[in-house]
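The residues making up each chain are set out below.
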Amino acid sequence: MQIKRALLEYLPILLFTILGFLVMGYHPGMEDDGVYLTAVKADLNPALFPHNADFFRLQLQATLFDSWMAHFVQWTGITLAWAELFWQFAALFVILWATGRIAGKLFAEKRAQWAAVAMVAAMFTLPVAGTALNIADQHLHPRNLATALILLAVSRILEGKRWQAVPLLLLAFVLHPIMAALGISFCAFEALALAQQAAPFHLRLAESSLAAAFPLSWILEPASPAWRQALNTKSYYFLFHWTWYEWLGALAPLFLFWVLSRVALRHGQTRLSRFALAVVAYGVFQQIVAMAILAPNSLERLTPLQPMRYLQLVYIFMALAAGGLLGSFLLKEHAWRWVVYLLVFNGSMFLVQWELIDDGAHLELPPMASATPWLQAFDWVRQNTPQDAYFALDPQYLAAPGEGFHSFRALAERSQLSDGIKDAAVVTQVPTLASAWQQQQSAQAGWPRFQLAEFEQLKQKFGVNWVLVAYPAAAGLGCRWHNDALTVCQIP
């Protein structure tokens, strides 16, 4: 009986995890993974990245993610590529399992609970208003693991086991402090909502979440022009520059949860009503905090905390509630409706991701070789250049057509001069890097027009001895490899 019960609980979660994974895609080394994957590789092989390592090391001082992953690889003997894939899949599985546990306390019907799980699985890559986040990342990110732990904590509170939520939230905190602080904030509102007969909320009880989100003493230091230059490359940081539809994406879900709380209460669904009201109270509180942080210039050093990322949890609960309601009132026991439901939501999200991958593979699984020129170049560099090679490449390379925001450091495993996109985001988090970043960006200005003399200046000033440039290369470079788009050369 226990085996049968486990199969009935876990097998559907496993199937929805596989479906969600296939829909969202998998892209190691992409976007934020340029920092995290690089740090893990540096932990495993300290000889890598002898230059500019601060552009990934300093940001990770606030998390144990990289050292934990490196130890996992060393303890198990699994290659890093397969270890990352395993933990990405495990994080998605736990997110959906926790979703099912939460839905089980909010909806009485099994069909509603499974419809909620199916919706969250389909919506993994749903953009979260103007935050530059999706519900889940398409690569292993400590945010995915923290989200899984936060949702488990939410389910524990719903099941009346509040103290079991504490270690889960603490573990989330050592993986991703800011997202965990937001999770702690929501759990405080959730506990209050379930404890009260009516639903008044005392905001002072959640103020600790705001304090937990604040980093260290650099907040009070004056901002440098170089730091502001990096900050201004990230338009999504600035709430008051968001478009009207991004504001709508932030505020409409809170209104919808307020409506849900009223309607659910009217129909005697007290627990669903209180949960919805907890989402509203959490959202209103965090929105006020975000506006208070992002409005005055005196608090500009807090901007990189991106307080609007509180919406990630709101969007997860919105997908959960939408799926549960559709399961209760529309899908019911009609098999054809379930087929249409799964095809429409999974199919539409898959097509969106298929269009965004920019000629790359939708699933970049080990040990598949990439057909894109950029990843081919990264592979050649990793296999054929010295570990202490120091590269320069277009500072805007991440946004180049066909590149797909894949990190050179993470995938080529070589040091590079700072880029103007991902490293700029790191600088906003670690202001001590601002001066070095600005100097390197200034030295690379006008990159598409560089000739041998400019490359020699980079070598003289920074010690750069290799470049990855468009094919054919400028005359005088000692080129070792090329494809139709790119060539790898030494600076003489």
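Residues numbered from 1 in each chain as written. Predicted model: local features only at pLDDT ≥ 70, side-chain atom pairs only at ≥ 80, totals over all residues. Heavy atoms only, no water.

A.B. asks: Got a sec to walk through the environment of glutamine 490? Specific residues and values, please.
C.D. replies: In this structure, glutamine 490 sits in strand 5 (residues 486-490). Expressed as a C-alpha distance, the spacing of glutamine 490 and alanine 389, which sit 101 residues apart in the sequence, is 9.6 Å. Discounting residues that sit within four places of it in the chain, glutamine 490 has contacts with Asn465, Trp466, Leu477, Gly478 and Arg480. Of the polar contacts made by the side chain of glutamine 490, one reaches the side chain of arginine 480; its length is 2.8 Å. (Helix = DSSP H or I, 4+ residues; strand = E, 2+ residues; numbered from the N terminus. Contact = heavy atoms within 4.5 Å. Polar contact = N/O pair within 3.5 Å; in protein donor to acceptor, adjacent residues only side chain to side chain.)

A.B. asks: So what's going on with the side chain of serine 328? Residues and values would help.
C.D. replies: Its location among the elements puts serine 328 in helix 14 (residues 311-331). Not counting chain neighbours up to four residues away, the residues in contact with serine 328 comprise Phe107, Glu109, Arg111 and Ala112.

A.B. asks: Kindly report on helix 19 (residues 434-443), identifying the contributing residues and their values.
C.D. replies: Listed as buried for helix 19 are Ala434, Trp437, Gln440 and Gln441. Within helix 19, the buried residues cover an arc of 135° as seen down the axis, which keeps them to one side. Contacts made by the buried residues of helix 19 are with helix 3 (54-57), helix 11 (225-231), strand 1 (390-393), helix 18 (422-429) and helix 20 (452-462). (Buried < 20%, exposed > 50% of the residue type's maximum accessible area, 1.4 Å probe, protein only. Arc of directions from axis to C-beta.)

A.B. asks: Run through the sheet that holds strand 3 (residues 466-470), naming residues and quoting values.
C.D. replies: A sheet is described by the order of its strands in space; here five strands give the open sequence 2-1-3-5-4, paired in mixed fashion. If you trace the sheet from one side to the other, it starts and ends with strand 2 (415-416) and strand 4 (478-482), each paired once. As defined by bridge partners, strand 3 adjoins strand 5 across five bridges and the pair is classed as antiparallel. Within strand 5, the residue paired with leucine 468 across the bridge is valine 488. Strand contacts of helix 16 (residues 373-384): strand 1, strand 3, strand 4 and strand 5, with the helix running at about 30° to strand 5, the strand carrying the most contacts. (Pairing = 2+ DSSP bridges. Axes fitted to C-alpha atoms, helices over the stretch in contact; angles between N-to-C directions.)

A.B. asks: Explain a nonpolar patch on the surface to me, and be specific about the residues and the numbers.
C.D. replies: A cluster of nonpolar side chains, namely Ile3, Leu7, Leu11, Leu14, Leu15, Ile18 and Leu22, defines an oily patch on the protein surface of about 640 Å² accessible area. With respect to the element layout, leucine 7 can be found in helix 1 (residues 2-24). (Patch = residues over 30% accessible without salt bridge, like charges linked within 9 Å, V, L, I, M, F, W, Y side chains within 5 Å. Areas by Shrake-Rupley, 256 points an atom, 1.4 Å probe, with all protein chains shown as cover. Salt bridge = Lys/Arg side-chain N within 4 Å of Asp/Glu carboxyl O.)

A.B. asks: Account for the pairing of strand 3, naming residues and giving values.
C.D. replies: For strand 3, the tally of buried residues reaches four of five residues, placing the bulk of the element in the interior. Inspection of the sheet shows strand 1 paired to strand 3 by three bridges, in the parallel sense. Residue pairing across strands places leucine 393 opposite leucine 468, the latter belonging to strand 3.

A.B. asks: Talk me through the pattern of salt bridges; I want residue IDs and the actual numbers.
C.D. replies: Overall, the coordinates contain nine salt bridges when judged by the stated rule. For aspartate 137, the salt bridge is made with arginine 143, and the minimal N-O distance between the two is 3.1 Å. As far as burial versus exposure is concerned, aspartate 137 and arginine 143 are alike and both buried. Residues aspartate 379 and arginine 382 are paired through a salt bridge, measuring 3.0 Å at the closest nitrogen-oxygen approach. In this pair, aspartate 379 and arginine 382 both sit in helix 16, three residues apart, roughly one turn of the helix. Judged by relative accessible area, which is 24%, aspartate 379 ranks as partly exposed. We classify arginine 382 as partly exposed; its relative accessible area is 28%. Among the charged side chains, a network of salt bridges with common partners joins Asp32, Asp137, Arg143 and Lys422.

A.B. asks: Before we move on, could you go through helix 2 (residues 33-44) and cite the residues and values that matter?
C.D. replies: Over its 12 residues, helix 2 extends 16 Å from the first C-alpha to the last, a length consistent with the 16 Å expected when each residue adds 1.5 Å. The complete set of buried residues in helix 2 reads Asp33, Gly34, Val35, Tyr36, Leu37, Thr38, Ala39, Val40, Lys41 and Ala42. In this structure, the buried side of helix 2 is in contact with helix 3, helix 4 (65-76), helix 5 (80-106), helix 7 (142-158), helix 17 (408-412) and helix 18. (Expected span 1.5 Å × (residues − 1).)

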